[in-house]
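# Summary of the model geometry
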Amino acid sequence: MLQQVNGQSSGSDAHGRESLREDLQAFLGGEAPLHQLDDLTKVNPVTLETVLRCLQARYTADTFYTRAGCTLVALNPFKPIPQLYSPEVMQEYHTAPQPQKLKPHIFTVGEQTYRNVKSLIEPVNQSIVVSGESGAGKTWTSRCLMKFYAVVAASPTSWESHKIAERIEQRILNSNPVMEAFGNACTLRNNNSSRFGKFIQLQLNRAQQMTGAAVQTYLLEKTRVACQASSERNFHIFYQICKGASADERLQWHLAEGAAFSWLPNPERTLEEDCFEVTREAMLHLGIDAPTQNNIFQALAGLLHLGNTRFADSGNEAQPCPLMDDAKCSVRTAASLLRLPEDPLLETLRIRTIRAGRRQQVFRKPCSRAECDTRRDCLAKLVYARLFDWLVSVINSSICADPDSWTTFIGSRGSPSRNPPSEKGREGPAQRAEPWVYCGTPGSSFPSSAPVSSPSTSVWARPAGRVRV
Ligand SMILES: Nc1ncnc2c1ncn2[C@@H]1O[C@H](COP(=O)(O)OP(=O)(O)OP(=O)(O)O)[C@@H](O)[C@H]1O
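Since this is a predicted model, take the numbers as computed values, not measurements. (Residues numbered from 1 in each chain as written. Predicted model: local features only at pLDDT ≥ 70, side-chain atom pairs only at ≥ 80, totals over all residues. Heavy atoms only, no water.)

## Some thoughts on the pairing of strand 10 (residues 351-356)
Condition: Between any two strands, at least two bridges found by DSSP are needed for them to pair. A run of DSSP states H or I qualifies as a helix once it reaches four residues; a run of E qualifies as a strand once it reaches two. Both are numbered from the N-terminal end.
Note: strand 10 against strand 11 (residues 361-366), six bridges, orientation antiparallel. The residue of strand 11 that forms the bridge with alanine 356 is glutamine 361. Where strand 10 folds back onto strand 11 in an antiparallel hairpin, the turn is made up of four residues, including glycine 357, whose phi is positive at roughly 80 degrees.

See the structure below:
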């Protein structure tokens, strides 16, 4: 037990530290090259320095996966490495008698999970948790897993089974541009940061072949619609409609070229994610036809105009807050684009209805200016969240299998990354409690207290209640 006496370390403390330092030097100066250590549980002594030095050595040697007991740690290489994910590598891990004896890889987790479903007499569902901070590579890792299962969870002899697995993979991949346009945004850490969590369920039949899939989303950062940190952006789709609309659509959606919207910060930045055509095309593939798309984009333009609605102080509690002069046109346009009557919309934003007493009498109380702003923001968040949920339901209707056709599933859960709350009104829940392993790419300096943040991803696979990999 370490003891601190009057600000001085006790003798046993000092001795402990000295011996730790010696162990540390012995380990770091040891004969075995650090990059060959493929399991962090073999690091001895386990300190932040030894773990990071080991990962750093592996990173320098272009080795991006490391085990940490039952968890796989994935470092983001920040460069394409196609040979690491080739069909040959997939086959190697799929056909290996003991994949855990091969080099650590995301396919080890994929294969072990798949074997867990197969090997049990009473099949047990498996889930893979992919966690890490923003930009660590969670989305990338989940995609790798999807591709892996599309290959291995299809019968090698049945052409039909192959086609089904391919079709599901294709549809999930097709849904990506839509999910990313509506659910991703440019943040300080990642130009294409997912601002929602996603659970993908791959549904398997008794022969462990993929028959369908389902997507569940959670924790969409809907506050971003109405409030963005400085130097960050709103969801991509808003920029896409403003930059990619045709002249006719601009007229119809009241999006004049160069128009300023307060919920559209940093529009001058052009990203490859701003491609409106790709989103439209992907929506068509999902069965969202052109008139429905038009309704969606019109509603989104309505939200942008709603964001320009500004209220002034009323000066009299009994009177609703007046609109600022330049906001009158905005609220009218917002109402028409959202297909809402203007007066009830204004009333909803400015007047609170309270029911009180035994007879549930109705009172109407004018809101303060701050309350009007909050109500406006809430309306926008609600509309956006409903739209997002609807898109997910459309995606599911095209990939879900008949409930009788599958018996088990492999789930992949990507935790949403959240920045700490930096501004008033911003949603900023920390990462949810997950099993974590933290590590970093070379050059990261970590705070001394856990959790340590770094561009790394950890992957857990677990069946019902037990860690398997
Ligand atoms: N294994 C990898 N190989 C090559 N590039 C990668 C790999 N993992 C991540 N990247 C790169 O890092 C970028 C960020 O990764 P990704 O979008 O998956 O992060 P994320 O953890 O999902 O971030 P967020 O939580 O912000 O959505 C990717 O666009 C890709 O360029």
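From this point, the discussion proceeds with the structure in view.
## Some remarks on the pattern of salt bridges
Short version of the rule: One speaks of a salt bridge when a side-chain nitrogen belonging to Lys or Arg is within 4 Å of a carboxyl oxygen belonging to Asp or Glu. Buried residues are those whose accessible area, probed at 1.4 Å on protein chains only, stays under 20% of the maximum for their type, while exposed residues exceed 50% and partly exposed ones sit between those limits.
Following the criterion strictly, the structure yields 22 salt bridges and no others. Among the salt bridges present, the one from lysine 42 reaches aspartate 38, with a minimum N-O distance of 3.9 Å. Among the residues examined, lysine 42 registers a relative accessible area of 52% and is labelled exposed. A salt bridge links arginine 53 to glutamate 49; its shortest N-O distance comes to 3.2 Å. Linking arginine 53 with glutamate 49, this pair stays in helix 2 (residues 48-60), spanning four residues, or about one helical turn. Owing to a relative accessible area of 35%, arginine 53 belongs among the partly exposed residues under this scheme.

## Description of the nonpolar core
As a reminder, the rule being used: Side-chain atoms within 4.5 Å are what join buried Ala, Val, Leu, Ile, Met, Phe, Trp, Tyr and Cys residues into a set we call a nonpolar core. Whether two residues are in contact is decided by their heavy atoms, any of which lying within 4.5 Å being enough.
The biggest cluster of nonpolar side chains holds 88 residues, and the ones touching the most others in it are Tyr149, Phe182, Ile237, Phe238, Phe297, Leu300 and Tyr384. The element best represented in this core is helix 13 (residues 369-399), accounting for ten residues. Apart from residues lying up to four places away in sequence, phenylalanine 182 is in contact with Phe235, Ile237, Thr279, Met283, Ile296, Phe297, Leu300, Tyr384, Leu387, Phe388 and Leu391. The next biggest cluster of nonpolar side chains, apart from the first, holds 14 residues, and it includes Phe27, Leu34, Val51 and Tyr59.

## Quick word on the confidence of the model for the protein chain
Fine structural detail should not be taken from predicted coordinates in areas where pLDDT scores are low. Inclusion rule: Values of pLDDT, which run from 0 to 100, indicate the predictor's confidence residue by residue.
Confidence in the prediction of the protein chain, expressed as mean pLDDT, is 83, and 84% of residues score 70 or more. When mean pLDDT is taken per element in the protein chain, helix 10 (residues 290-307) scores highest with 98 and strand 1 (residues 4-5) scores lowest with 42. Low confidence marks residues 1-7, where pLDDT is under 50. Its contacts with residues over four positions away, or in another chain, come to eight contacts.

## Some words on the packing of helix 10 against helix 13
Rules: Interaxial angle, 0 to 180 degrees, is taken between N-to-C directions of lines fitted to C-alpha atoms, where a helix line uses only the stretch in contact. We call two directions roughly parallel when the angle between them is under 35 degrees, roughly antiparallel when it is over 145, roughly perpendicular when it lies between 65 and 115, and oblique otherwise. Here is the rule for handedness: rotate from the far helix to the near one, and if that takes an anticlockwise turn smaller than a right angle the crossing is left-handed, while a clockwise turn gives right-handed.
Between helix 10 and helix 13, whose axes approach to 10 Å, the crossing angle comes to 160 degrees. Taken together, helix 10 and helix 13 sit at an angle that is classed as roughly antiparallel. You can see that helix 10 and helix 13 cross each other, and the crossing is left-handed. Mapping the contact onto sequence places Thr292, Ile296, Leu300, Leu303, Leu306 and Gly307 in helix 10 and Arg376, Leu379, Ala380, Val383, Tyr384, Leu387 and Trp390 in helix 13.

## Things to note about the pairing of strand 12 (residues 408-414)
Of all seven residues in strand 12, seven are buried; the element is thus mostly enclosed. Side chains Thr408, Ile410, Ser412 and Gly414 of strand 12 all project onto a buried face; the interleaved residues Phe409, Gly411 and Arg413 project onto the opposite face, where all are buried too. Relative to strand 12, strand 5 (residues 126-132) runs parallel, the two being bridged by five bridges. Paired with valine 130 across the two strands is glycine 414, which belongs to strand 12. Alignment of strand 8 (residues 197-204) against strand 12, held across seven bridges, turns out to be antiparallel. From the neighbouring strand, phenylalanine 199 faces strand 12, where its bridge partner is arginine 413.

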